[in-house]
Amino acid sequence: MTPNPYQDSQDTPLWKAIDKAVAKLVKNGDLKETTSRQLIVGFIAKQVIEAGVEPVENLSIKLLAAMSTKIGTGQSLPQRKAV
C-alpha cells in the first residue's frame, strides 16, 4: 500500500467533505479511481487550502459581522436567492 502523505489532515471537516463527494462521484459512475482514495482526497484538500479558500466557519463569522453593521442603519440586508 502506498504511504499517505496527507495522513495528518484526515480527521478534518474538509477531508470528510471531499471524501464524501468523491465517494458519490464513484458510486454514480462519474469518477473512476485509479489511485487510492486517500491520495485523491489529500491532493484535492491540499489544493483547496493552497488556493486560500476559507472554511465555512470564517465566512459565517464575516457574514454575521456584515449583517450586524447594517442593523440599525436603515440599510436592507441582502436577500437570500431561491435555489
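Residues numbered from 1 in each chain as written. Predicted model: local features only at pLDDT ≥ 70, side-chain atom pairs only at ≥ 80, totals over all residues. Heavy atoms only, no water.

(A) The overall build of the chain, seen in detail. When its secondary structure is counted, the chain shows three helices and zero strands. Shown N-terminal to C-terminal, the secondary structure of the chain runs as helices and strands in the order α-α-α. The proportion of buried residues among the 83 residues of the chain is 11%. Put simply, of all contacts in the chain between residues at least 6 apart along the chain, 45% involve residues at least 24 apart. Carbon and sulfur atoms make up 59% of the accessible area of the chain, which amounts to about 7,000 Å² in all. (Helix = DSSP H or I, 4+ residues; strand = E, 2+ residues; numbered from the N terminus. Buried < 20%, exposed > 50% of the residue type's maximum accessible area, 1.4 Å probe, protein only. Contact = heavy atoms within 4.5 Å. Areas by Shrake-Rupley, 256 points an atom, 1.4 Å probe, with all protein chains shown as cover.)

(B) Spotlight on the pattern of salt bridges. Throughout the structure, instances matching the rule amount to three salt bridges. Here R37 and D19 are joined by a salt bridge, their closest N and O atoms 3.3 Å apart. Separated by 18 residues along the polypeptide, R37 in helix α2 (residues 37-50) and D19 in helix α1 (residues 13-27) bring together distant segments of the chain. Judged by relative accessible area, R37 falls into the partly exposed class, the value being 26%. The class of D19 is partly exposed, set by a relative accessible area of 26%. E33 serves as the salt-bridge partner of R37, at 2.4 Å between the closest nitrogen and oxygen. On the accessibility criterion, E33 (27% relative accessible area) is partly exposed. Several salt bridges converge on common partners, so that one network encompasses D19, E33 and R37. (Salt bridge = Lys/Arg side-chain N within 4 Å of Asp/Glu carboxyl O.)

(C) Molecular detail of the nonpolar core. Within the largest apolar cluster, seven residues are counted, these being Y6, W15, I18, V22, I40, V41 and A45. For this core, the secondary structure elements donating two or more residues are α1 and α2. Setting aside anything within four residues of it in sequence, one finds A45 in contact with L14 and I18. (Core = buried A, V, L, I, M, F, W, Y, C linked by side-chain atoms within 4.5 Å.)

(D) Expanded view of the confidence of the model for the chain. In this model, the chain carries an average pLDDT of 81, and 70% of its residues clear a pLDDT of 70 or more. Mean pLDDT in the chain bottoms out at helix α3 (residues 56-70), which sits at 68, and peaks at α1, which reaches 94. (pLDDT = per-residue confidence, 0-100.)

(E) The arrangement of the environment of L31 in detail. Looking at where L31 falls in the secondary structure, it is placed in the loop between α1 and α2. Classification of L31 as partly exposed rests on a relative accessible area of 32%. The contact partners of L31, leaving out residues within four places of it in the chain, are V22, L25 and V26.

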